[in-house]
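# Structural features, examined
Here is what each chain is made of, one letter per residue.
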Amino acid sequence: MPISPPLSLSPSARQDPPARIHRSWERCAQLDPAQLADPNPLPRADLVVRREANQRLLRHAGPGIGALGAMAGAARGLVLLTDPSGLILHEEGCKSFLDKARRVALQPGVSWAEPMRGTNAIGTALHDGKPVRVHGREHFLPCNSILSCHAAPIFSATGEILGILDLSGPADEVQDYALGLVWTYARQIADRVLCDTPLARLEFTLEAAPRSAAGHAILLLDDDKRIAGANEAALTALGADWDLIGSPIGRWLDGPLDTHEGLLRRRDGGRMTGRLHAPAPAPVRGRGAAQALAAPPAARALPAPDALSRPLLEQAVRAVDAGLAVLLQGETGTGKEVLARHVHAGSSWRQGSFVAINCAALPESLVESELFGYESGAFTGARRDGARGLLLQAQHGIVFLDEIGDMPLALQTRLLRVLQEREVQPLGSDKRIPLEFGLISASHQDLKALVARGAFRADLYYRLQDMPVHLPPLRNRPGLPEFLDRYYADLGGRLEPEALEFLAALPWPGNYREMRSLLNRLRCLYPGPSPVGAHMLPKDLLDPSPFPTGGQEDARAPDDAHNHTEAASTGHNETRAAPRTLREIEDRAIEQALQACQGNISRAARLLGMHRSTLHRRLQQ
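Attention in this report is confined to the structure presented alongside it. Nothing here was measured: the structure is a model prediction, and the numbers come from that model. (Residues numbered from 1 in each chain as written. Predicted model: local features only at pLDDT ≥ 70, side-chain atom pairs only at ≥ 80, totals over all residues. Heavy atoms only, no water.)

## Remarks on the overall build of the protein
To be explicit about the condition: By definition, any uninterrupted DSSP run of H or I lasting at least four residues is a helix, any uninterrupted run of E lasting at least two residues is a strand, and each is numbered from the N terminus. When a residue's accessible area, from a 1.4 Å probe over protein chains only, is under 20% of the maximum for its type it is buried; when over 50% it is exposed; and in between it is partly exposed. The criterion used for residue contact is that any of the two residues' heavy atoms lie within 4.5 Å. Here the Shrake-Rupley method, with its probe set to 1.4 Å, supplies the accessible areas, and only the displayed protein chains count as covering residues.
Each helix and strand counted, the protein has 24 helices and 19 strands in total. Residue burial in the protein is summarised as follows: out of 621 residues, 48% are buried. Relative to all contacts within the protein whose residues are 6 or more apart in sequence, the contacts with residues 24 or more apart total 64%. Split by element, the accessible area of the protein, about 29,400 Å² in all, is 53% carbon and sulfur.

So this is what it looks like as structure tokens:
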């Protein structure tokens, strides 16, 4: 049953909760505390995958977490870092407070987003995009009243939330400085992430002081001298918001920007001297589409394996640990690579690398150098120190052969020889190097049918399918409405029963990838606390034809859709001519996105899948 908001905060000097806490309680009013009180943390293998997906954030947050964790330990508290969904990735601090924190599920592997834990500092900071303190009985769940929590968002260079930094301790010890401390470290972490970029950056300080209390203000510049990123200190100093992304740097300058520095002007009349830093060298990547991927992009991370997929994962882990080759088959978007990464994280090969090879994109002329590597001087254009091939990079790890069914026949023969002999001879070398790795392959095609048609080698097929694993499509998933409801709740939203029923009946040809894209789009269109109804779903879903005829989704806001329906019923609706050229289609899409996002450039750009600077240029055109 819903519970009443707190009336007093006896340890705190404040007697009434702030307005933000009351708004959070209103958002959580329909949650059942009994169902939220005892969440199940992610299994260790799943948590490893989530950490890998946020490796860049964890790497840059390390120094700040270490320093803040030392202070938290001395104050009987913990410092916590979450991913963009509110799931705790890392904790550090007082060991004696760990047991008390774990009794209320304040630990890695648990999501503290508001739909999961009610009003709390992590979830409320994530929802509002602002630092917040939630103390004692301000928490929605009574069991969390033992905590005093302070959280601040960590922003990317373009304003998205990368994660939440939180400092929590016992509620009987109020630390008035804690929120400011967490906010300072969150901004420092964001600055570290921002500076790890191949873009040029402009760092500046106020003329009145060599360094502001908030540190350097930083702008990132693209090749066209437009602002491609900023930190919070820059927004504060310029009196701007994230919509400055994409604007020409000249708009903010007094005079030209030369190769070294420029003079920026504040809106209050002050000026700042900025120093231009050359872009960092781009990281060296392998040629072609085959690369060793140390961590999956966050966009690839699906929800952790549940009761449906966990048996498949356990089966595949046992097979790989026993030296068997695993073949993952399923439609596009069913999560074959994600499952393969779960297998790597949970297997005995986890200490080695996970090397994904796109077999459909391996160029035949470069296959031997890509896969096997080469010695110095092996051929014209070879690097002076040679190169390790992808197979050697996977030594004592996992090789993932993605889209193996699309590999040309000529390359299949060479691959088969390596898999049978389990040794490789780099080009230009007279030595054969033994290979030890687990093998996982994946294909959306029916390999048996390809073998029957002569398009795939039978001996390679039998070498790859020691343990075949079939990933069912999303439309065949048992309990699909409940799964969709949980996934959208993780994004902070709610779906009405009619909308859930409609979504569960869709064929989902793109499977989980399509589902994730659609639900993220819905959350962008309707970011508020009100549930999404069936009438609010995009037009391309409501259209019975297999593909949208107009090429555009209905991006109207709910009120606009309602007004449109009323006009149609009275016979006074106006129709616009269908766009005929590609430019007209793009312009119409931009208009609809801006209308749906109420003119917010940032949200419209995310809805359209383009960078804000690109959208700004299109609007100027």
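## What about the pairing of strand S12 (residues 354–358)?
Put simply, the rule reads: Each pair of strands is called paired provided DSSP finds at least two bridges between the two strands.
Where burial is concerned, most of S12 is hidden: four out of the five residues are buried. As defined by bridge partners, S12 adjoins strand S15 (residues 398–402) across five bridges and the pair is classed as parallel. Within S15, the position partnered with Phe354 by the bridge is Ile398.

## Structural notes on the packing of helix H10 (residues 310–321) against helix H11 (residues 336–346)
Applied cut-off: For helices, the fitted line uses only the C-alpha atoms of the stretch in contact; every axis is such a line through C-alpha atoms, and the angle between N-to-C directions lies from 0 to 180 degrees. Between 65 and 115 degrees an angle is taken as roughly perpendicular, under 35 as roughly parallel, over 145 as roughly antiparallel, and anywhere else as oblique. Rotating anticlockwise by less than a right angle from the far helix to the near helix defines a left-handed crossing, while the corresponding clockwise rotation defines a right-handed one. Throughout, the ten residues Ala, Val, Leu, Ile, Met, Phe, Trp, Tyr, Cys and Pro are labelled nonpolar, Asp, Glu, Lys and Arg are labelled charged, and all others, Gly among them, are labelled polar.
Contact geometry for H10 and H11: axes closest at 9 Å, N-to-C directions at 55°. On the basis of the axis angle, H10 is oblique to H11. The hand of the H10/H11 crossing is right-handed. Residues Leu313, Ala316, Val317 and Val320 of H10 form the contact with H11, whose participating residues are Leu339, His342, Val343 and Gly346. Classifying every residue of the contact of H10 with H11 by side-chain character gives six nonpolar, two polar and no charged.

## Remarks on the packing of helix H1 (residues 19–27) against helix H7 (residues 121–128)
The geometry of H1 relative to H7 is characterised by a closest axis approach of 11 Å and an angle of 95° between their N-to-C directions. Taken together, the axes of H1 and H7 lie roughly perpendicular to each other. Of the residues in H7, those in contact with Arg20, Ser24 and Arg27 of H1 are Thr124, His127 and Asp128. Split by residue class, the contact of H1 with H7 holds no nonpolar, three polar and three charged.

Spatial relationships are all this shows, so hold off on functional conclusions.
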